[in-house]
Each structure stands twice: as C-alpha cells, then as structure tokens.
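# Working through the structure, step by step
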Amino acid sequence: MDGDSSPVTTAATTVDSIADGLKNQCLDGNNHNEDTVSQNRGKLKLEELNWDHSFVRELPGDPRTDLTPREVLHACYTKVSPSAEVDNPQLVAWSDSVAELLDLDPQEFQRPDFPLLFSGATPLVGAMPYAQCYGGHQFGMWAGQLGDGRAITLGEVLNSTSQRWELQLKGAGKTPYSRFADGLAVLRSSIREFLCSEAMHNLGIPTTRALCLVTTGKYVTRDMFYDGNPKDEPGAIVCRVAQSFLRFGSYQIHASRGKDDFGLVHALADYCIRHHFPHLENLSRSDSLSFTTGGGDDSVVDLTSNKYAAWTVEVAERTASLIANWQGIGFTHGVLNTDNMSVLGLTIDYGPFGFLDAFDPSYTPNTTDLPGRRYCFANQPDIGSWNIAQFATTLSTAQLINDKEANYAVERYGTKFMDEYQALMTKKLGLPKYNKQLISELLKNMAVDKVDYTNFFRLLSNVKSDHSIPDDELLIPLKAVLLDIGKERRDAWTSWVKSYIKELSTTGVSDQERKRSMDSVNPKYILRNYLCQSAIDAAELGDFEEVRRLLRVMERPYDEQPGMEKYARLPPAWAYRPGVCMLSCSS
C-alpha cells in the first residue's frame, strides 16, 4: 500500500544497518553499568540504565518513520518518537517497587526534569522508541491492522539480574497505527491504568506494571460515552513496564497477510521463545512432554519434537491460569479482544475494567459491550478459550504447528483453567478439598442477593467450625454483607452455612489457622471503581495525594491496615452512575 516494491529487503537492510551500532551501544552500556551496579547496586540514575533493544535489533522494521496513518507491511514495528505536546508536566504518582525492578534509584523521581523525560518531551538517554504493529479480533470480528496507536516503547532495560523490562509511554502521541485518533490519553484513564497495574500485582495476579504517571499540562478532547457530547480533559502519560508487550495479535496480523509474511510469524515466535521461554529451546524426549489427546496412537502429541507446539501450550496454560485468577478475585477486564491478550499471560491494557461489587455474573464494565455482554465476568473463561483458538490457528496457518497440536493447546487451556479455578475457590473457602455443590450453591445465593463479592469472602473467614452455634446466630459473622434479606433468603443462607461448617469440621484445622490462610487469598482491599473516581476527581483539580494514598493502600490488599477501613466500604449510591461503574473504550 505504501508503493514500496521491496519493503522486506528495505526493512531488513534498515535493521541490519542499525544492528551493529546497537550491539556496540549495548556493549558500551553493559561495561558502563557493570561498574555502576557493582559500586551502587540497584541505585542507578536514569542516564545509567542498561538499555538493550533486542526487538529492534532482531526483527524487521518499517523503512518509513513518518506518522502518516497507513498499513505497515512486512514489519514488526515502526520507529517513532513521542510527540505529545506538554506544558509544565507534573509527576502524579510513581512506583518504588517498579523502580527496583529496573535498578533505578527512587530519588530519580524527585528530579526536576523527571516529568519532561517521562512525558517524552525530553528524550531519555539510550532509548530507541518505536510502535509495534499488530492486529486482532475485536468483539469476535477480525479488525485487521491495529497496532500501538498511542503507546510508544522506549526500549528494554536489562537489570543487574539480566531480567529484561520493556518501558512504554502510553498517550505519548501519534504513530502510523493511530488511524483517526490523536495518540493521546486523559488523566482519568491514566490514573485507572496506573493504579490497577500496581493493585493487580500486589494481589498476586500477573500483570503489566506502571513506573510512573505524569500530566502533560495540556487538554485532550474526549467523548466518553460516544453520545456527541465531547469535553476537554487533562492529558496524561503512563510509563508501562512489562517483560514484553507482545500480544496474540502481534502474530495474527502477519499470518493474515499470506504466506509471504509467514516468515515474520516464525521470526516473532523464535524471538519470544529465545527471550521469554528459553526453557523450550532445547527440549529432549527425556522431558516427558508427550500427551494423548484421545483415540489411538495417532492422537499422541509429542511437544518435545516441536518447540512451537510446546510454546503454544504454555501460552494457553498461562492464559488459563491468569483468567482463573481473575475469576477468583472478581476482576472483569472488559475488552478481551485478541490484541489485548499477552503471550506472557499478563493482564494487559487496562481500559473499562471493573472489580465485582455486588456479585453479578453478567456484569460488564464496558458500555460498548452492553448489547451482547460478550466480555462479561462469567464469559471470560470461554472468551479466553476462543482467543487461544485464534492464536493457535494463527500458528497453524503459518505452519509452525499442526492442527492436532493446535487443538491440544485449546484442550490444555480448558484443563488448566478448571484445575486452577477449583484450587483457588477451595482456598477462598478454606476447604480441605473442592466441593462443587457447596461452591455452586454459594455463588447462586450470592447472585440472588447481590452480595458484595470481596467483602463476603473476607468475612467468611470469621465463621467458626462449631456445630453448637444456634441457627439464629449462624449469620452474625456475615451480617455486614447479607443486607435486607427476608426470612426465605435468611433460611437459604443459614442452610448453606450449616453445610459449610459441616465441611470445615473434616479439616482438623483450627479456626485461627483457617482464618489466617483464607485472609491471605481473600483481599480486604480491591481497586473499586468508585475509589478510582474519588482519586480522579481530586487529581483533575490538581490534588494528587488521593492517588498516592490509594496506591499505598493497594500495595497491601490482604492486610487489615487499621485506619484505612473506609477503602473497604461498600460503594455509595453515586458509584452506580455511568462513568464510574461503567466506562467506554474511549478512555
């Protein structure tokens, strides 16, 4: 489409021409930083970060660097620089624990030029920015090329333990993948992404991270509800951090373009395995990775004979484990398109997400999803399976795996999800073993009475394993969440609690020990949408303290944190208005 008769050759030449310089730069950087780290381990200045650029160095890029919206063919990325306009940018919030991952001295957050550096207005020394090319299925329909429309990767930082961390500025300006959008982000959505990235990590759920959040000092026009009423909102940029931002759609786009681009799918798979799944590089028969899929000898899948099949299965299992964790904690992503699925099994792209308040399996936080509720809470496991099927089909189309291996990956997703989900729910209830009937009955009762999901499980640990408790006292530990229920519903809950106590009595575990164990998997604090909104309202008026306080609370979600109880309260009435409990993709 660009009128370039040989984009592959040109792109390869471009990459080759910079590869040597990159290698020299990395070697120089390594030598420099080895000295620094040995002197002052984990206390690097921004200028001393150990940058690497493996994605740019090892994969073909776009020969063009202009920002014209276009189809980018035969390339995995386009080199672009941040271009968002700024006017006295301000640091809103930061994560010391993410700085630690990068060996970054937390004192660097106090630098006067820090907001300029992380708004992209001042280039970071050693960075080599680019936007990634990818496609995806959106709401079940193939959407073609999508790509990083407002996210610009600065490069990868290698820390002192050789971990690779990719830094990305979201809202940093236009790229060739921006289509008709402005490449910018607003403070509202940026606060939500920053806080949820860190909250999910502290809940123990795999996720991309966030180093910092800055305002741009400029306004951005957004029509939050797509209803013809746009308004100006403060602009902001989040620095997202992950070991990789590769998505299912990173592979889909190239496979969709035909056999001439199958080599790109192959190269991207090799890249991902080399850097992020190195244990799959040298599998041998002794690794015992042969499985029967049902049927005769021809149904055996030997994962040791094809590293791409082993990789597909591991991606499927990581995805299953991730979504099981979401279901256990009550998290709804809201936009489970294939371009929002990480090949590392991370929660990625925080848009109109929401944690369950009142338990409602059909809950979706995304106004765009309302007609069919494709991405509602209860559907997430099945959507994960559908997305894995698309990913496996992509690799099969590109001839990296065969149909039997693709089907096996989907099968493994289902098995892994059920194993993980059942184990998680068993722990949440403090049971000795999985009890399907007891758990199903509980969830049915919770849905009928719209019980607060998080607070219920936190209070459940206060139920005593004591058969002598009178029926009219059994619900006392749960009274704060069983609100406004009549006699019929009270009887249903009493019956369930009696069954629960009977099951607990077989464990031989003390009430105190069980409470300690249950409280370690049932958080007291989650990032409810109304808490985000309170922090957003203050920040839009220039007060960032509530964002920072909320971050501190979410750093210890399983602790009691005396004095912070208000952050565990049920949502107030205003929390159910549009724009708080539900948002659109425009955020």
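If you're wondering where the values come from, they're calculated on a predicted model, not measured in any experiment.

This paragraph deals with the overall build of the chain. Helix and strand counts for the chain come out as 16 helices and 14 strands. Here the chain holds 587 residues, and 57% of them are scored as buried. Within the chain, counting contacts between residues at least 6 apart in sequence, those at least 24 apart form 73% of the total. Summing over all exposed atoms, the chain offers an accessible surface of approximately 23,700 Å²; the carbon and sulfur share of this is 50%.

For the rest of this paragraph, the subject is the packing of aromatic side chains. Under the criterion given, the structure shown has 28 aromatic pairs. Relative to Y453, the ring of F359 lies with its centre 5.6 Å away and its plane at 25°, an arrangement referred to as stacked. With F359 in the loop between β14 (354-355) and α9 (380-397) and Y453 in helix α12 (residues 453-460), this pair connects stretches of sequence that are 94 residues apart. Here F359 and Y453 have matching classes, each one buried. Relative to Y453, the ring of F377 has its centre 6.5 Å away and its plane inclined at 65°; by these criteria the two rings are edge-to-face.

The space that makes up the second largest pocket amounts to roughly 350 Å³. Forming the boundary of the second largest pocket are 16 residues, of which Q327, P381, F417, Y421 and L443 lie nearest the centre. Sorting the residues of the lining of the second largest pocket by element identifies α10 (403-428) and α11 (436-448) as the ones contributing at least two each. For the lining of the second largest pocket, the class distribution of residues is 12 nonpolar, three polar and one charged.

The next point concerns the pattern of salt bridges. Under the counting rule described, the total for this entry stands at 40 salt bridges. Ionic pairing is found between E71 and R257, a salt bridge with its closest N-O pair at 2.9 Å. With E71 in the loop between α2 (54-58) and β2 (77-78) and R257 in the loop between α6 (248-256) and α7 (262-276), the pair connects residues that are 186 residues apart, well separated along the chain. We note a salt bridge from R209 to E198, for which the minimum N-O separation is 2.7 Å.

This part is about the sheet that holds strand β9 (residues 209-222). Across the sheet, six strands lie side by side as β1-β7-β8-β10-β9-β3; this open sheet has antiparallel pairing. Taken across any chain shown, the strands that pair with only one partner, and hence form the sheet edges, are β1 (51-52) and β3 (90-94). In this structure, strand β7 (residues 151-158) lies alongside strand β8 (residues 164-170), joined through seven bridges in antiparallel fashion. Bridged to V157 within β8 is W165. Contacts from helix α5 (residues 187-202) reach β3, β8, β9 and β10 (231-242) within the one sheet, and its direction differs from that of β9 by about 165°.

Time to look at unusual backbone geometry. A positive phi is found at F139, a non-glycine position, where the angle reads about 50°. On the secondary structure map, F139 appears in the loop between β5 (135-138) and β6 (141-145). We classify F139 as partly exposed; its relative accessible area is 27%. Phi angles above zero are rare outside glycine, and R179 is one such case at about 55°. For R179, the location among the structural elements is in the loop between β8 and α5.

In terms of nonpolar packing, the biggest core is built from 129 residues, with Y251, W311 and F456 touching the most fellow members. Leaving out residues up to four positions away in the same chain, Y251 has contacts with L246, V265, L268, A269, C272, W311, V343, F391, T394 and L395. Counting residues in each nonpolar core, the second largest holds 36 residues, with A99, F114, V157 and V241 among its members.

Moving on to the side chain of D339. For D339, the position within the fold is in the loop between β13 (331-332) and β14. No salt bridge forms around the buried D339; measuring N to O, its nearest opposite-charge neighbour R247 is 5.4 Å away. Setting aside residues no more than four positions away along its own chain, D339 makes contact with Y134, G135, G136, H137, Q138, L146, R247, G249 and D349.

With that out of the way, let us pick up the environment of A398. Positionally, A398 belongs in the loop between α9 and α10. For the pair A398 and F262, spaced 136 residues apart in sequence, the C-alpha separation works out to 5.1 Å. Not counting residues up to four positions away in its chain, the partners in contact with A398 are F262 and V265.

For the pair helix α8 (residues 307-329) and α10, interaxial distance at closest approach is 8 Å and the crossing angle is 30°. What the angle tells us is that α8 and α10 run roughly parallel. As α8 runs across α10, the sense of the crossing is right-handed. Residues that form the contact of α8 with α10 fall into these classes: 13 nonpolar, six polar and six charged.

In the sheet, β5 pairs with β6 via three bridges, with the strands oriented antiparallel. Along β6, the bridge assignment pairs Q138 with M141. Between the end of β5 and the start of β6, which pair antiparallel, lie two residues, with F139 showing a positive phi angle near 50°.

With that settled, consider the confidence of the model for the chain. Overall, the predicted model of the chain reaches an average pLDDT of 90, with 88% of residues at or above 70. Note on residues 1-40: pLDDT under 50 across the span, and 49 contacts to partners over four residues away in sequence or across chains.

Take the state of the cysteines next. Two cysteines form a disulfide when their sulfur atoms are joined by a covalent bond. Inspection of the entire model under this criterion finds zero disulfides. The thiol of C532 is unpaired, and the distance to the nearest cysteine sulfur, on C196, comes to 7.0 Å. Look at C532 and you get buried, because its relative accessible area is 0%.

Calculation notes
- Residues numbered from 1 in each chain as written.
- Predicted model: local features only at pLDDT ≥ 70, side-chain atom pairs only at ≥ 80, totals over all residues.
- Heavy atoms only, no water.
- Helix = DSSP H or I, 4+ residues; strand = E, 2+ residues; numbered from the N terminus.
- Buried < 20%, exposed > 50% of the residue type's maximum accessible area, 1.4 Å probe, protein only.
- Contact = heavy atoms within 4.5 Å.
- Areas by Shrake-Rupley, 256 points an atom, 1.4 Å probe, with all protein chains shown as cover.
- Phe/Tyr/Trp six-rings, centres within 6.5 Å; stacked < 30°, edge-to-face > 60°.
- 1 Å grid on protein atoms, 1.4 Å probe; cavity = no way out; pocket = protein on both sides within 12 Å on 5 of 7 lines; lining within 4 Å.
- Points joined across faces, edges and corners; volume = space filled by probe spheres on them.
- Nonpolar A, V, L, I, M, F, W, Y, C, P; charged D, E, K, R; others polar.
- Salt bridge = Lys/Arg side-chain N within 4 Å of Asp/Glu carboxyl O.
- Pairing = 2+ DSSP bridges.
- Axes fitted to C-alpha atoms, helices over the stretch in contact; angles between N-to-C directions.
- Core = buried A, V, L, I, M, F, W, Y, C linked by side-chain atoms within 4.5 Å.
- Lys, Arg positive; Asp, Glu negative; His and termini not counted.
- Parallel < 35°, antiparallel > 145°, perpendicular 65-115°, else oblique.
- Left-handed = near helix turned anticlockwise from the far one by under 90°.
- pLDDT = per-residue confidence, 0-100.
- Disulfide = S-S within 2.5 Å.

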